[in-house]
Amino acid sequence: MEIKVLGPGCKNCTNLEANTKKALKELNIEATVEKVTDMKEIMGYGVMSTPALVVDGTLKMMGRVPKPSEIKEYLV
């Protein structure tokens, strides 16, 4: 599984990355978590509001920081 956290590196982006890693740990799933800060790449996903979460190439959410319990729904 490949996961990308999209955003410029703001606090919300850091929180989304932490919550994603927590959700992965709770589900006992191994995945690559990559932080993407390049605005051209972010725009390539159609993201207009960061942070955003991409799982295996599919945009799952943007513009907020979901709790780990919600992120788990995107991972199973």
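See the structure above.
These lines cover the structure that appears in this document, whether it is placed above or below. Since we're looking at a predicted model, the values are computed, not measured. (Residues numbered from 1 in each chain as written. Predicted model: local features only at pLDDT ≥ 70, side-chain atom pairs only at ≥ 80, totals over all residues. Heavy atoms only, no water.)

### A few points about the overall build of the chain
In step 1: Counting its secondary structure elements, the chain contains three helices and four strands.
In step 2: For 76 residues, the compact-globule formula gives about 11 Å, and the C-alpha radius of gyration of the chain, at 11 Å, lands near that figure.
In step 3: Its C-alpha atoms give the chain principal-axis dimensions of about 30 × 25 × 15 Å.
In step 4: When the 76 residues of the chain are sorted by exposure, 34% land in the buried category.
In step 5: Across the chain, contacts joining residues at least 24 apart in sequence account for 63% of those joining residues at least 6 apart.
In step 6: Element-wise, carbon and sulfur atoms account for 48% of the exposed surface of the chain, whose accessible area totals about 4500 Å².
In step 7: Distance between charge centres in the chain, computed from 11 positive and 10 negative side chains, equals 7 Å. (Helix = DSSP H or I, 4+ residues; strand = E, 2+ residues; numbered from the N terminus. Rg over C-alpha atoms; globule rule 2.2 N^0.38 Å. Buried < 20%, exposed > 50% of the residue type's maximum accessible area, 1.4 Å probe, protein only. Contact = heavy atoms within 4.5 Å. Areas by Shrake-Rupley, 256 points an atom, 1.4 Å probe, with all protein chains shown as cover. Lys, Arg positive; Asp, Glu negative; His and termini not counted. Charge placed at Lys NZ, Arg CZ, Asp CG, Glu CD.)

### Regarding the pairing of strand 4 (residues 58-62)
In step 1: Pairing analysis gives four bridges linking strand 3 (residues 52-55) to strand 4, with the strands arranged antiparallel. Looking across to strand 4, one finds that Val-55 is bridged to Thr-58.
In step 2: The turn joining strand 3 and strand 4, which pair antiparallel and follow one another in sequence, is formed by two residues; a positive phi near 50° is taken by Asp-56. (Pairing = 2+ DSSP bridges.)

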